[in-house]
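Reading the structure
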Amino acid sequence: MRKMKRKAAFGLALLGIAVLGLAVHAGSVATERLSEGTEPVATKVTIDNFSFSPQEITVVPGTTITWVNHDDVPHTVVSNDKRFKSKALDTDDSFSFTFKDAGTYEYYCSLHPRMTAKVTVK
Amino acid sequence: MGDFIEKDANPDGLDRRGFLKCMAWAGTGTLCLIQGGILKSYALSRLDKHVASQMKGELAFVQISDSHIGFDKAANPDVTATLQAAIDKINALPMRPEFVLHTGDISHLSKPHEFDTLDQMLKGVRTNGIFYVPGEHDVLEDDGAQYRDRFAKGSQGDGWYSFDHSGAHFVGLVNVMNLKAGGLGTLGQQQLQWLRADLNPLKSSTPVVVFAHIPLWSVYPQWGWGTDDSEQALSYLKRFGSVTVLNGHIHQTMQKVEGNITFHTAMSTAFPQPAPGTAASPGPMKVPAERLRAILGVTEVQFTRGKHTLATISDSPLPSQPM
């Protein structure tokens, strides 16, 4: 009887260590992900004072960027190669686009073409 | 938006080679007239008497610009009231202008009701015709189809055209379409070729007036105040004895003379914008309410034929609001 209990106890201990080991491993994987700086899936670009902020932004594929116009004149968000194109955004209007593919997307405001910016997806 | 600039009068003009300062700010209003090739400037307080004595040319017309119907932010919550004041000003001129040129940004957001409102309001102008060119705010959703249908029937391409009046040749150009990233205004090759052909049969003594929304000279490229390919257009105009270029877009008066070409930009009837480089961006500029009408206005142009045919350009502010 005692032999069996000891074996059981030992087995339990082993199981416990294994579980702990798994937990530690899982924890370290999660830590690694965070330290890579994963972007949230939705992110925002502000339009104000005739500029896009941030002017350059890097996101992962699948991210949806929402532009919000806080300026007191309308602006547009138009990619140089016309892959995306917003309507004219008046004050407080917004426009969203989901970046599925990796790449560099340069864009500008077609009303004020000196306003340029860039999204990098990788 | 937080960056309102409340400006006192007396901004400095630009000390740039070739620039003439002609800014109509409250309290330091300046009227610039070109007579016999010599620039004379007058205080605005003497404007009305002077304009009356100048209205002897063979052809007088008015330029208005940047009415931005639909704009309702702090810089001017009531752009229709200030447009009406501009119309009243035109109707109070001692001589009925032959026509009115609107150099664009008729509407603020290219909305049908904005175009409707302006159309209706300008029916109250005592004149014989109104001619338009579009601003970038007028061609927002449909590549200008709505604009052309309302204001540029019979025009070519994106809405350019020409006409003759009293022996002078008028050309309306469109430089607000297909703007490229990082660029300025654009005329495009199709329009430039049309312009060259259009001017070709004219004698060099024909006075020419060119009107377009964005300035055809480099006022301030950092703010997009210029046209990428205007040099080519200007090269077709160089041979003429009298060329007047009338623009809008920058919501303040500026003037430059280059040989026989006089460039002039108009005030807006809606809201002012800061002088180049004096603010973070060229957005609507808030000024004290009692000063607003003094820096919005209309421009009168008259032609006098003599040894040289000269355009006399005078900018006048809106009458102040009755108390």
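Every value quoted in this text rests on a predicted model; they were computed, and no experiment measured them.

1. Structural notes on the sheet that holds strand S3 (residues 56-59) of chain A
All names here are of chain A. If you trace the four strands from one edge of the open sheet to the other, you get S3-S8-S7-S5, paired in mixed fashion. Each end of this open sheet is capped by a strand with a single partner; those strands are S3 and strand S5 (78-79). Where S3 and strand S8 (residues 116-121) come together, four bridges link them in parallel fashion. If you follow Val59 over to S8, its bridge partner there is Val121.

2. Description of the pairing of strand S8 (residues 168-172) of chain B
Residues and elements named next belong to chain B. The element S8 is extensively covered by neighbouring structure, given that five of its five residues are classed as buried. Taking every second residue as pointing to the same face, both faces of S8 are buried, with Ala168, Phe170 and Gly172 on one and His169 and Val171 on the other. As paired strands, strand S7 (residues 161-165) and S8 are joined by five bridges and run antiparallel to one another. What sits directly across from Phe163, in S8, is Phe170. The loop that links S7 with its antiparallel partner S8 comprises two residues; one of these, Ser166, has a positive phi angle of about 55 degrees. Strand direction decides the pairing type here: S8 and strand S9 (residues 208-211), joined by four bridges, are parallel. Across the sheet, the residue bridging to Gly172 is Phe211, located in S9.

3. Here we look at the packing of helix H5 (residues 189-199) of chain B against helix H6 (residues 230-237) of chain B
Residues and elements named next belong to chain B. Two elements in contact, H5 and H6, have axes separated by 10 Å at closest approach and are oriented at 5 degrees. When the interaxial angle is binned, H5 and H6 end up roughly parallel. Seen from H5, the contacting residues are Leu192, Leu195, Arg196 and Leu199; seen from H6, they are Gln232, Ala233 and Tyr236. Counted by class, the contact of H5 with H6 contains five nonpolar, one polar and one charged residues.

4. What to know about the sheet that holds strand S6 (residues 94-99) of chain A
All names here are of chain A. What the four strands build is an open sheet, ordered S2-S1-S4-S6; its pairing is mixed. Both edges of this open sheet fall to strand S2 (51-53) and S6, since each of them pairs with a single strand only. Pairwise comparison of adjacent strand axes, ignoring direction, gives a mean angle of 25 degrees for this sheet. The pairing of strand S4 (residues 63-69) with S6 spans six bridges and is classified as antiparallel. Pairing of Val68 across the sheet is with Ser94, part of S6.

5. Points about the confidence of the model for chain B
Residue and element names in this part refer to chain B. Here chain B averages 82 in pLDDT, while 79% of its residues score no lower than 70. Taken element by element, the predicted model of chain B shows its lowest mean pLDDT in strand S1 (residues 19-20) (28) and its highest in H5 (98). Residue range residues 1-47 is modelled with pLDDT below 50. Its contacts to residues more than four positions away, or to other chains, number 92 contacts. Under the prediction, the complex receives an ipTM of 0.77, its pTM being 0.79.

6. Considering the confidence of the model for chain A
Model confidence for chain A is summarised by a mean pLDDT of 81, while 66% of its residues fall at 70 or above. Here residues 25-36 of chain A is modelled with pLDDT under 50, and outside its nearest four sequence neighbours on either side it reaches one contact, counting other chains as well.

7. Remarks on helix H3 (residues 112-122) of chain B
Residue and element names in this part refer to chain B. Along H3, the residues that are buried comprise Glu114, Phe115, Leu118 and Leu122. Summarising the axial view, the buried residues of H3 lie within an arc of 100 degrees, below the 170-degree limit, and thus occupy one face. Facing away from the buried surface of H3 by more than 90 degrees, the exposed residues are Pro112, His113 and Gln120. Those residues of H3 that are buried lie in contact with strand S6 (130-132) and helix H4 (145-151).

8. Here we look at the environment of His213 of chain B
All names here are of chain B. In this fold, His213 is placed in the loop between S9 and H6. On a C-alpha basis, the gap between His213 and Gly183 in space is 15 Å, while along the polypeptide they are 30 residues apart. Residues contacting His213, with those up to four places away along its chain left out, are Thr103, Gly104, Asp105, Val133, Pro134, Gly135, Asn175, Val176, Asn247, Gly248 and His249.

About the cut-offs
Residue positions are given per chain, counted from 1 along the sequence in the order it is written. The naming scheme follows written order: chains are lettered A onward, ligands numbered 1 onward. Reporting of local features is limited, given that this is a predicted model, to residues whose pLDDT is at least 70; pairs of side-chain atoms are given and counted only at 80 or more, and all residues count toward the totals for whole chains, interfaces and linings. Whether two strands pair comes down to DSSP finding at least two bridges between them. Counting from the N terminus, the helices are the DSSP runs of H or I reaching at least four residues and the strands are the DSSP runs of E reaching at least two. Buried means a residue has 20 or more other C-beta atoms within 10 Å of its own C-beta, exposed means 12 or fewer, and partly exposed covers the counts in between; C-beta atoms are placed from the backbone. Axes here mean lines fitted to C-alpha atoms, for a helix over just the part in contact, with angles spanning 0 to 180 degrees between N-to-C directions. Between 65 and 115 degrees an angle is taken as roughly perpendicular, under 35 as roughly parallel, over 145 as roughly antiparallel, and anywhere else as oblique. Two residues qualify as being in contact provided that their C-beta atoms, derived from the backbone, are within 7 Å of each other. Under this grouping Gly is polar, as are all residues other than the nonpolar Ala, Val, Leu, Ile, Met, Phe, Trp, Tyr, Cys and Pro and the charged Asp, Glu, Lys and Arg. The pLDDT value tells you how sure the predictor is about a given residue, anywhere from 0 up to 100. Here the arc refers to the set of directions running from the helix axis out to each C-beta atom.

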